[in-house]
Amino acid sequence: MKKLFLSLIAGALAASGFYAEAARVYIGTKKADGIFTAELDTATGRLSTPVLAGKVEGAGFITISPDSQYLFAAGVSSFKVNADGSLTKRSEQRTGEQNSLFVSTDASGRLLMTAYYGSGSIGAFKILPGGFLSGTCSLHRFEGSGGHPVRQTLPHAHSIVPNPANTHAYAANFGGDKIMIYQMDLENGALIPAGEALVPGGAMGPRHMKWLGQTLYVLNELDLSVSIFKETAPGKIKLQQTVSMVPEGTDKTDLTGAEIRIHPNGRFIYTSIRDNSKQKRDSICQLKMTDGGLERLGSTFAEVWYPRNFSIDPAGKWLLVGGRRSQDIAVFRIDPETGALAFTGQRIPFGGEPTCFQFLK
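Keep in mind the model is a prediction, meaning the values are calculated, not measured. Residue positions are given per chain, counting from 1 as you read along its sequence in written order. Where local features are concerned, this predicted model is filtered to residues with pLDDT of at least 70; where side-chain atom pairs are given and counted, the filter is 80 or more; whole-chain, interface and lining totals use all residues. Hydrogens are left out, water is left out, and the side-chain values use all remaining heavy atoms of the structure.

All right, on to the overall build of the protein chain then. Strands are runs of DSSP state E lasting at least 2 residues, helices are runs of H or I lasting at least 4, and numbering of each runs from the N terminus. Check the secondary structure of the protein chain and you find one helix and 28 strands. Based on C-alpha atoms, the radius of gyration is set beside the globule rule, defined as 2.2 Å times the residue count to the power 0.38. A compact globule built from 361 residues should have a C-alpha radius of gyration of about 21 Å, and the protein chain, at 20 Å, falls within 12% of that. In terms of overall dimensions, the protein chain has C-alpha extents of about 70 × 50 × 40 Å along its principal axes. Burial here depends on accessible area, computed with a 1.4 Å probe over protein chains only, as a share of the maximum for the residue type. Under 20% is buried, over 50% is exposed, and the range in between is partly exposed. For the protein chain, with 361 residues in total, the buried portion stands at 55%. Within the protein chain, counting contacts between residues at least 6 apart in sequence, those at least 24 apart form 48% of the total. For the area figures, the Shrake-Rupley method with a 1.4 Å probe applies, and any residue is considered shielded solely by the protein chains shown. Taken as a whole, the protein chain presents about 15,100 Å² of accessible surface, with 51% of it coming from carbon and sulfur. Positive charge is attributed to Lys and Arg, negative charge to Asp and Glu, and no charge count is given to His or to the chain ends. Lys charges are placed at NZ, Arg charges at CZ, Asp charges at CG and Glu charges at CD. Charged side chains of the protein chain number 37 positive and 32 negative; the gap between the two group centres comes to 3 Å. Contacts are assigned to residue pairs that have any heavy atoms within 4.5 Å of one another.

Strand direction decides the pairing type here: strand β22 (residues 283-290) and strand β23 (residues 293-301), joined by eight bridges, are antiparallel. When the bridges of β23 are listed, Cys285 appears paired with Ser299. A strand pair is defined by DSSP finding two or more bridges across the two strands. As consecutive antiparallel partners, β22 and β23 are separated by two residues.

Looking at the secondary structure, you find Ala340 in the loop between β26 (328-334) and β27 (341-349). Residue classification places Ala340 among the partly exposed positions, given a relative accessible area of 35%. Along the primary structure Ala340 and Phe268 are separated by 72 residues, whereas in three dimensions their C-alpha atoms are 9.6 Å apart. Filtering out sequence-adjacent residues up to four positions away, Ala340 remains in contact with Gln286, Arg333, Ile334 and Asp335.

Reading across the sheet, the four strands line up as β4-β5-β6-β7 and stay open at both edges, with antiparallel pairing between neighbours. Each edge of the open sheet carries a strand with a single partner, namely β4 (62-64) and β7 (87-92). Geometrically, the sheet is characterised by an average inter-axis angle of 25° between neighbouring strands, direction not taken into account. Axis definition: a line fitted to C-alpha atoms, over the contacting stretch in the case of helices. Angles run 0 to 180 degrees between N-to-C directions.

Remark: the centre distance and the inter-plane angle together describe each pair of aromatic rings, the angle taken between the planes. Pairing of aromatic rings covers Phe, Tyr and Trp, the last through its six-membered ring, and needs centres within 6.5 Å; plane angles under 30 degrees mean stacked, over 60 mean edge-to-face, and all others mean tilted. A complete count under the given rule lists five aromatic pairs for this structure. Whether a charge lies above a ring is judged from NZ of Lys or CZ of Arg, which has to be within 6 Å of the ring centre and within 35 degrees of the ring normal. The ring of Tyr306 is capped by Arg325, whose NZ or CZ atom sits 3.9 Å from the centre of that ring.

Read from one edge of the open sheet, four strands run β24-β25-β26-β27, paired in antiparallel fashion. The sheet terminates laterally at β24 (309-312) and β27, the two strands that pair on one side only. Shown here is a sheet whose adjacent strand axes are inclined to one another by a mean of 20°, direction ignored. Of the strand pairs in this sheet, β24 and strand β25 (residues 318-323) are connected by four bridges, and their pairing is antiparallel. Note on β25: the bridge partner recorded for Asn309 is Gly322.

We now examine unusual backbone geometry. Residues other than glycine predominantly adopt negative phi, and peptide bonds predominantly adopt the trans conformation. Of note, the bond from Gly75 into Val76 is cis; its omega dihedral lies within 30 degrees of zero at 20°. One can find Val76 in the loop between β5 (70-73) and β6 (77-81). Positioned with a positive phi, Leu224 is a non-glycine residue whose angle comes to about 55°. The backbone of Tyr306 sits at a positive phi, close to 70°, despite the residue not being glycine. Here Tyr306 lies in the loop between β23 and β24.

pLDDT measures how confident the predictor is about each residue, on a scale from 0 to 100. The predicted model of the protein chain averages 93 in pLDDT, with 94% of residues at 70 or higher. Note on residues 1-19: pLDDT is under 50 here. Beyond four places in sequence and across chains, it has five contacts.

Consecutive side chains along a regular strand alternate between the two faces of the sheet. With eight bridges connecting them, strand β18 (residues 225-233) and strand β19 (residues 236-244) associate as antiparallel partners. Along β19, the bridge assignment pairs Ser225 with Ser244. If you look at the hairpin formed by β18 and β19, you'll find two residues sitting between the two strands, and Gly235 has a positive phi there, around 85°.

So, about the side chain of Glu97. Along the chain, Glu97 falls in the loop between β7 and β8 (100-105). Those residues in contact with Glu97, other than ones at most four positions away along the chain, are Tyr116, Ser119, Ser121, Leu139 and Arg141.

Secondary-structure assignment places Arg207 in strand β16 (residues 206-212). In this structure Arg207 comes out as buried when scored by relative accessible area, which is 4%. Polar contacts, as used here, are pairs of N or O atoms within 3.5 Å; protein pairs need one atom able to donate a hydrogen and one able to accept it. Residues neighboring in sequence count only if both atoms are side-chain atoms. Here the side chain of Arg207 touches His158 through a polar contact of 3.0 Å, side chain to side chain. Of the polar contacts made by the side chain of Arg207, one reaches the backbone oxygen of Ala258; its length is 2.7 Å. What Arg207 contacts, discounting residues up to four positions off in sequence, is His158, Ser159, Ala172, Leu219, Glu221, Gly257, Ala258, Arg274 and Arg308.

Okay, here's the thing in C-alpha cells:
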C-alpha cells in the first residue's frame, strides 16, 4: 500500500511539472569554437544557456548515431557523447573536397555519409568501433547544371539520407535538380550508383529530405516548395506531388527554403524560409498530411533572422529555431492537434551562428 501511495504521489508530481524532464540538444555552429549543448525543460519549454560541448572548427551540420553514443559533424569529425553532455573527440578526416554541409548515418550506425556542396560530391566513411572513422571509402562527383542562372551553373550536393529499408542512399543534387541514388555496401563502406530521379519544374534546388514510411519529402530551396516521392521499390522513387510553401502570387525575391522536419506524430511537416533582405519574412511553414498528399496550413514568423535550421523535441511539444544572422535561438510551443506554433517569448542570444540542431534520443 505504501509503495502504491508513493507511486501515485510521484505520478502526480510529474504530471504537475514538479519533476522537470530535460531533453538534451546539440547545436552545430558555423563560426564558433565548436559544438554546443543545452537542455530543454520539456514541461515548460525553457531552454538553458548553451555551453560548449566539444571543440572543432566549422562544425556546421551535425548528426547523432542511432544508438545515441556518438555525434558526427560536417568536416568530417566524430565525438563520443558523454553522460554529462560533453563531447570527446574521436577522429577527424580531411578529404580535400569543398564545403561539407551535411552528414548522416545509415540505420545501423556503420556508415557515415556526407555531402560536399562546393565540390558537388558525396562521400562515405566506415564508422569503426569506438566511433572512430575510416578514411574515405567512397567518393562520387555529380554532373550537370540547372535552370537558375547563378545558383545552378554547377552541380552541388546538399544532403544524403538512407531509405527506411537501409538499402539505398538518396542524395540531393541541388545544382542539377536531381535526386541521385546509391546502393549502400555497409561491409565495405561503399556507395554504388543505382540511378537518379528528376525534380521537375526547373530551378528547384533540392536541398534537404526526410522520410516517412515509403515517402520521401524533398525541400526545394529555390522554388520554395516540397516535392513528394514514393519509393516504389528499393532504389526507385516516383514523383507524387509538389506543394508550395508560400501562397500563390508571393514575391519570392530574396527568399529561400532551408530545413524540413516531420512532427513525431507523423501528421505535420514544418519547413523554414529565410529572408536575405531582412524584411521580417523569415518564417516556419506548416503543412498537413492528408489522404491526397500534403496541404499547406500557413506560416508563422520565425522570430529570428535567417532560420537556416530548426528542430522538434522528441516528444513533439517544442520547436527550436536558430537565427544564423541574428545569432539567437527562439522557442515555440507546438499544438500536436492542429500543428500550430506559438512563440513562447524565449529568445536566447547565441553568438556562434546556430546552423544545426539535433536532439539526443
